[in-house]
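Breakdown of the fold
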Amino acid sequence: MATDLTAPRTAALPDVASIQRRTLRLLFTTQIIGGIGVTIGIAVGALLAARIAGTAVAGVAQSAGVVGAALLAVPVTRIMARHGRRPGLVLAYTVGAVGGLLVVLAAATRWVPLLFVGMLLFGGGTAANLQARYTAVDLAEPARRGRQLSLIVWATTIGAVAAPNFAALADRVTTGWGLPPLAGPFAFSAAAFVLAAVVLLGLLRPDPLLTARRLAAAEAPAADLPSVTDATATAVAAGAPAAGGATPAAAPVKERAPRAGMRAAWSVVRGQPAARLGIAAVAVGHLVMVAVMAMTPVRLGESHADADVLRLVGIVLSLHIAGMYAFSPVVGWLTDRLGRRAVILGGVGLLLAACAVAGTAGHHTPRLSVGLVLLGLGWSGTMVAGSTLLSESVSAAVRPSVQGLSDLIMGLAGAGAAVVSGFVMQFAGYPVLTLLAAVAAAPLVALALRPVPTGAPDEEG
C-alpha cells in the first residue's frame, strides 16, 4: 500500500510545473479574447440603455450584467466542483455570447425587457474572466500565488484597453450591415466569447483543478482527508472512506467536491477570518469601482456632442482599464512580498483618492481620467490581494464553492451599486455619487487592520 501512495506522487509531481505553465499560457490568451468581449459591452452598455430606456434605467441595465455574472457564478462553480474548471469556463463564455446576441436584437426592436435579459446573460463573459484568476492558482506554488493570479488579471489589459476604442469601429461597420447604433459592439463581443469558449474546450487539458485534487489525494493519508475543516468534514461525511489506503482515498476526492455547495462554503467562510477579509476586500472594491465607472460614460455624455462621446468614452475607459489590469503583476508581487492585508489597505486608499479626484473634476475630462485610473488601481489592489487571501485560506475540497460565493457576493454588491448609481446620477449628480462610493469603502479599512491568520488549511493541517 505504501508503494501505491508514493508511485502516483513520483509520476505526477514532476509534471505539475509544465502543466501550470501550459495552463497559464492558455488562460493568458483567453483572457485577452474575453477581455475584448467584456469591455466592448461595458463601453457602450450604459449609453445603449440610456438611449432605449432613459438615464435612470441605464444603471439598472448595467447592473443586469453584474447580476448575471454573480448568479452564473453559482452553477459555474458547481460544474467546476463536479467536473473541473474547463466545462465551467466554457459554459460561462457560451452564456455570455448568447446574451450579446440578445442585446443586439433588443437594440433592433427597442424592447427594454429583452435588453435586460440580454445584459443578464452577457454577464457570463465577466463570470468566466473572473473564474479564470482562480484557475491560475490551482497548481501554483504558495510563494507565487499572488503573482500568478495577477498575471491572469493583467492579461485582460491587452484586450480590454484597446476594446473601448474598437467600439466605435464596430459600430461603424455594423451600422453598414443594417444594425442600429450601439448594437454592433455586442455582436463583436459575442464572437469573442465564442472564440474563447472553443479554445478552452479544446486545449485546457489536463484540468488544473482535477489535477490538484489528485495530487492532494496522493499526498494526504485517507484518514486525514475529512479533518481539514469541520465544514469540509460535514460536506463529505456521506462519501468519506472508513479506513486509510490510497485506493479508497481516490474515490472520496471525486465525491467530496459536489457536496461542497454554497451552504458548506458559507460555513467555512464564517469560521475563517482571513476568508471573510478576502471576500470583503473583493466585494467592496468592486462595489466602489462599478458605482463610479458605470456612470462615467453618462457623465461624459452630459458635456460632449454625440459625435465625440464614443471616442472620449473609449479614451477614458481605456485609461481606467489600464489602471485595473496593467499594473496587476506589480500588485501581485507586492501581495507576495508585503502581505495580503497591506495591499488591501493600499487599494482602499487608492479608491478613496479616486472618488475625491473624479468627484471634483467637474467636466474637466483629463482630471476625470486621472480619477478613473486611480479607481482602477484601487480595484486591482483589493481584487488581487483579496482573491489570493481567500484562495489560500480554505481547503481544496471547498475552494471552488467558496470562490463562487465570493464572486456571487461581489457581483451582487456591484449590481446594487450600478442600480443605485443611475438614480443618484439623475437626482443628485456625479459628485454625490463619488462621495457615497467613498463612504462605502471606508469600513474596509477597519476590517483590514484587524490581524487575521493567513495560512492555508491544506498546508497547516
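Calculation notes
Residues numbered from 1 in each chain as written. Predicted model: local features only at pLDDT ≥ 70, side-chain atom pairs only at ≥ 80, totals over all residues. Heavy atoms only, no water. Helix = DSSP H or I, 4+ residues; strand = E, 2+ residues; numbered from the N terminus. Expected span 1.5 Å × (residues − 1). Patch = residues over 30% accessible without salt bridge, like charges linked within 9 Å, V, L, I, M, F, W, Y side chains within 5 Å. Areas by Shrake-Rupley, 256 points an atom, 1.4 Å probe, with all protein chains shown as cover. Salt bridge = Lys/Arg side-chain N within 4 Å of Asp/Glu carboxyl O. Buried < 20%, exposed > 50% of the residue type's maximum accessible area, 1.4 Å probe, protein only. Phe/Tyr/Trp six-rings, centres within 6.5 Å; stacked < 30°, edge-to-face > 60°. Axes fitted to C-alpha atoms, helices over the stretch in contact; angles between N-to-C directions. Left-handed = near helix turned anticlockwise from the far one by under 90°. Contact = heavy atoms within 4.5 Å. Nonpolar A, V, L, I, M, F, W, Y, C, P; charged D, E, K, R; others polar.

**Considerations on the environment of glycine 35**
- By the element assignment, glycine 35 lies in helix α1 (residues 2-53).
- Sequence separation between glycine 35 and threonine 156 is 121 residues; the distance between their C-alpha atoms is 5.0 Å.

**Considering helix α16 (residues 399-427)**
- For α16, built from 29 residues, the straight-helix expectation of 42 Å at 1.5 Å per residue is met to within 8% by its first-to-last C-alpha distance of 42 Å.
- Glycine 429, located one to two residues past α16, shows a positive phi value of around 105°.

**Overview of unusual backbone geometry**
- In this structure, proline 206 follows arginine 205 across a cis peptide bond, with omega equal to -5°.
- Residue position: proline 206 is located in the loop between α6 (184-203) and α7 (208-219).

**Comments concerning a nonpolar patch on the surface**
- Side chains of Phe166, Leu169, Val173, Trp177 and Phe188 sit close together on the surface and give an oily, nonpolar patch of about 500 Å² of accessible area.
- In terms of residue count, the dominant contributor to the nonpolar patch is helix α5 (residues 145-176) (3 residues).
- Summarising the element assignment, valine 173 is placed in helix α5.
- Given the relative accessible area of 31%, valine 173 is considered partly exposed.

**A look at the packing of aromatic side chains**
- According to the stated counting rule, one finds 5 aromatic pairs in the structure shown.
- Their ring planes at 35° and their centres at 6.0 Å tell us that tyrosine 93 and phenylalanine 193 sit as a pair that is tilted. Of the two residues, tyrosine 93 is situated in helix α3 (residues 85-109) and phenylalanine 193 in helix α6; the sequence distance between them amounts to 100 residues.
- Under the relative-accessibility criterion, phenylalanine 193 is labelled buried at 0%.
- With 5.2 Å between their ring centres and 70° between their planes, phenylalanine 122 and phenylalanine 186 make a pair best called edge-to-face. Separated by 64 residues along the polypeptide, phenylalanine 122 in helix α4 (residues 112-135) and phenylalanine 186 in helix α6 bring together distant segments of the chain.

**As for the packing of helix α15 (residues 365-392) against α16**
- The N-to-C vectors of α15 and α16 enclose an angle of 145°; their axes lie 10 Å apart at closest approach. In this structure, the crossing between α15 and α16 has a hand that is right-handed. Side by side, α15 and α16 meet where Met383, Leu390 and Ser391 of the first sit next to Arg399, Val402, Gln403, Ser406 and Met410 of the second.
- Broken down by class, the residue content of the contact of α15 with α16 amounts to 4 nonpolar, 3 polar and 1 charged.

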